[in-house]
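Topology and contacts: notes
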Amino acid sequence: MAGPTGRGDSLGAALNDLLHSQVTPRHRLSTYTARHWHAQLSQLTATHRGHQALDDAGLDVTVKTLVNWLSDPEYNVRRSYRDLIHTAYENVAIVPADPIPDHIKRGQYEISGVVRTGNDERTRGTRDAAPLRIDATRGNWDEIEELWLAGELTDDELEDHFVDDVIVEDIGEGTDGWEFPGASYSVEVR
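Residues numbered from 1 in each chain as written. Predicted model: local features only at pLDDT ≥ 70, side-chain atom pairs only at ≥ 80, totals over all residues. Heavy atoms only, no water.

Regular strands place their side chains on alternate faces of the sheet. Within strand β4 (residues 108-117), eight of the 10 residues are buried, leaving the element largely enclosed by the surrounding structure. In this structure, β4 lies alongside strand β6 (residues 132-135), joined through four bridges in antiparallel fashion. Residue pairing for β6: I111 is matched across the bridge by L132. As paired strands, β4 and strand β7 (residues 185-189) are joined by four bridges and run antiparallel to one another. (Buried < 20%, exposed > 50% of the residue type's maximum accessible area, 1.4 Å probe, protein only. Helix = DSSP H or I, 4+ residues; strand = E, 2+ residues; numbered from the N terminus. Pairing = 2+ DSSP bridges.)

Here we take up the environment of N140. Mapped onto the elements of the fold, N140 is located in the loop between β6 and α7 (142-150). For N140 and K105, which are 35 residues apart along the polypeptide, the C-alpha to C-alpha distance reads 8.7 Å. Leaving out residues up to four positions away in the same chain, N140 has contacts with D165 and E169. Of the polar contacts made by the side chain of N140, one reaches the backbone nitrogen of D142; its length is 3.1 Å. (Contact = heavy atoms within 4.5 Å. Polar contact = N/O pair within 3.5 Å; in protein donor to acceptor, adjacent residues only side chain to side chain.)

Counting 32 residues, the largest nonpolar core has Y109, I111 and F180 as the members making the most contacts within it. Looking at which element gives the most residues to this core, the answer is helix α8 (residues 155-171), with six residues. Excluding residues that lie within four positions of it along the chain, F180 makes contacts with L11, I111, V114, V115, L132, E159, V163, I167 and Y185. Counting 18 residues, the second largest nonpolar core, distinct from the first, contains L44, A53, L66 and A88. (Core = buried A, V, L, I, M, F, W, Y, C linked by side-chain atoms within 4.5 Å.)

Where helix α1 (residues 11-22) contacts α8, the two axes come as close as 7 Å, and the packing angle between them is 95°. As far as their axial angle goes, α8 and α1 are roughly perpendicular. Contact residues: α1 offers L11, G12, A13, L15, N16 and L19, while α8 offers D155, L158, E159, F162 and V163. (Axes fitted to C-alpha atoms, helices over the stretch in contact; angles between N-to-C directions. Parallel < 35°, antiparallel > 145°, perpendicular 65-115°, else oblique.)

What follows is about the packing of helix α2 (residues 37-44) against helix α4 (residues 63-71). The interhelical angle for the contact between α2 and α4, taken along N-to-C directions, is 125°, at an axis separation of 9 Å. By the angle class used here, α2 and α4 are oblique. Considering only the axes of α2 and α4, their crossing is left-handed. Note on element contacts: α4 touches α2 through L66, W69, L70 and S71, opposite W37, H38, L41 and S42. (Left-handed = near helix turned anticlockwise from the far one by under 90°.)

Purely geometric numbers; function is a separate question.
Structure, rendered in structure tokens:
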């Protein structure tokens, strides 16, 4: 029975496609585009979540002060208050990434595409060569997950860490390291 699958023009792109199909990445809400402190404050004070973010950021002003600020976009608000408003706005605008689930970190991977180790280069996942099978339970996912949660997990970073921290941990360095020089990959987790 087939499991979740990712496809891409590199191993890292296929792995990222797989991750995105399984969990929500860190992202910015499209409705949060205000740049001026007044527009940000207006948007924040329109929702309970926004009020909570202002409290969490440490904005401690009276209701009268808040009404004065909202009634006049040219009101002279101290820089420290503008910074708190901006911090609260960004905290609401950014949706954190879901953690990488255990079925991804503990799965059995089948990688199809061009795989090279030393002088041995084969297209895996064909009638002539089985997919490269990796037991991810032996892998170290800490750096991958840290980059994922920060929203900084590029295809190249993911490929590098997956090779070093998952493939090598499972089956070793290979003849001369592992390379994935192809232009089309699929990754399935079982």
